[in-house]
Structures are given as C-alpha cells and as structure tokens.
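Residue-level listing of the chains:
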Amino acid sequence: MMIKTGGPRSLGVPSSEARLHFDAELQQGTVPTAVAISTLDVCQPDSSFGDDPSVHWGLTHFLLDGHHKLEAAAAAGRPVRLLSLLTLGESLAGADDHARLPALRAQSRSARATGT
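Source: prediction; values computed, not measured.

## Thoughts on the confidence of the model for the protein chain
A low pLDDT score tells you not to read the predicted coordinates there in detail. Across the protein chain, the average pLDDT comes to 78, with 77% of residues at or above 70. The lowest-confidence element of the protein chain is strand 1 (residues 2–4), averaging 44 in pLDDT; the highest-confidence one is strand 4 (residues 81–86), averaging 92. The low-confidence segment residues 1–10 (pLDDT under 50) makes 22 contacts with residues lying over four places distant or belonging to another chain.

## Notes on the pairing of strand 2 (residues 33–43)
Pairing of strand 2 with strand 4 involves six bridges; the strand directions are parallel. When the bridges of strand 4 are listed, Ala 34 appears paired with Leu 82. Here nine bridges tie strand 2 to strand 3 (residues 56–65), and the two strands are oriented antiparallel to one another. By the bridge assignment for strand 3, Ala 36 is matched with Leu 63.

## Digging into the nonpolar core
Listed in full, the five residues of the largest apolar core are Ala 18, Phe 22, Leu 26, Ala 72 and Ala 73. Broken down by element, the residue count for this core peaks at three residues, all from helix 1 (residues 15–27). Contacts of Ala 72, omitting those with residues within four sequence positions, involve Arg 19, Phe 22, Asp 23 and Leu 26.

## Focus: the environment of Val 42
As for its placement among the helices and strands, Val 42 is situated in strand 2. Between the C-alpha atom of Val 42 and that of Gly 58, which follows or precedes it by 16 residues, the distance is 6.4 Å. If near-sequence neighbours (up to four positions away) are discounted, Val 42 is found in contact with Val 55, His 56, Trp 57, Leu 92, Ala 93 and Asp 97.

## A short note on the packing of helix 1 against helix 2 (residues 67–76)
Where helix 1 contacts helix 2, the two axes come as close as 9 Å, and the packing angle between them is 55 degrees. In this view, helix 1 runs oblique relative to helix 2, as classed from their interaxial angle. In terms of crossing hand, the pair formed by helix 1 and helix 2 is right-handed. Residues Ser 15, Ala 18, Arg 19, Phe 22, Asp 23 and Leu 26 of helix 1 touch helix 2, and the partners they reach there are His 68, Lys 69, Glu 71, Ala 72, Ala 73, Ala 75 and Ala 76. Each residue belonging to the contact of helix 1 with helix 2 can be placed in one class, and the counts come to seven nonpolar, two polar and four charged.

Conventions used here
Residues numbered from 1 in each chain as written. Predicted model: local features only at pLDDT ≥ 70, side-chain atom pairs only at ≥ 80, totals over all residues. Heavy atoms only, no water. pLDDT = per-residue confidence, 0-100. Helix = DSSP H or I, 4+ residues; strand = E, 2+ residues; numbered from the N terminus. Contact = heavy atoms within 4.5 Å. Pairing = 2+ DSSP bridges. Core = buried A, V, L, I, M, F, W, Y, C linked by side-chain atoms within 4.5 Å. Buried < 20%, exposed > 50% of the residue type's maximum accessible area, 1.4 Å probe, protein only. Axes fitted to C-alpha atoms, helices over the stretch in contact; angles between N-to-C directions. Parallel < 35°, antiparallel > 145°, perpendicular 65-115°, else oblique. Left-handed = near helix turned anticlockwise from the far one by under 90°. Nonpolar A, V, L, I, M, F, W, Y, C, P; charged D, E, K, R; others polar.

So, in structure tokens, the structure goes:
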C-alpha cells in the first residue's frame, strides 16, 4: 500500500510532542487510525508499446490526518489502521472495478501479488 503525505502539519501541538504522545500509545498496544482520501485507477497500457493485455490497478492514498501517528508507528515497526475514503467519481475506474475492490482486499497479500 502506498501512502503519500503532504508533510507534517500540527494544529497547535508541536511535532515532537505529538510524536511522543503517539509513541507512548503504541507502547501500550494501541493501534492508531489515520484517515486518507483515496483514488482507484485501473488502466491498460498504450497499445503502441506492444501486445501487453495486462490491466494495471493503482490504489493511492492521500493522507489527511494521522501524520504523527504514521511517523511513530513506522519508527516502532507497528501497524496503523487506515480509514480510506474512496473517491468514486474522481478515480479512473468504473463501477465494476469498484465492486471488485472488497473481494480483492479480502485476499491474502501473496494472492494479490501473484494474481492467484
């Protein structure tokens, strides 16, 4: 999963204080939640590049909230829960592709990587 961030932004809380707060929560076993707006792009390669029948899926997340949580979890090697708000009208994917996404996400990571 690719997560793009717009850089750290604090709302009245210095970055170092926020990071220390989330470090402490992670040590207590808390799994933090970050919020992102996401796009699903499903494209085929340009036919002028040969006979490649593959379809390329790109699920991209733009982090809106949780920069400090993500930083602390990455430093600790801990997971982060991501609440992803998928933009259906702004993505380069059709309704059929959107309908397939829950089943694809339910597959194991290895099955998604190999297509089996």
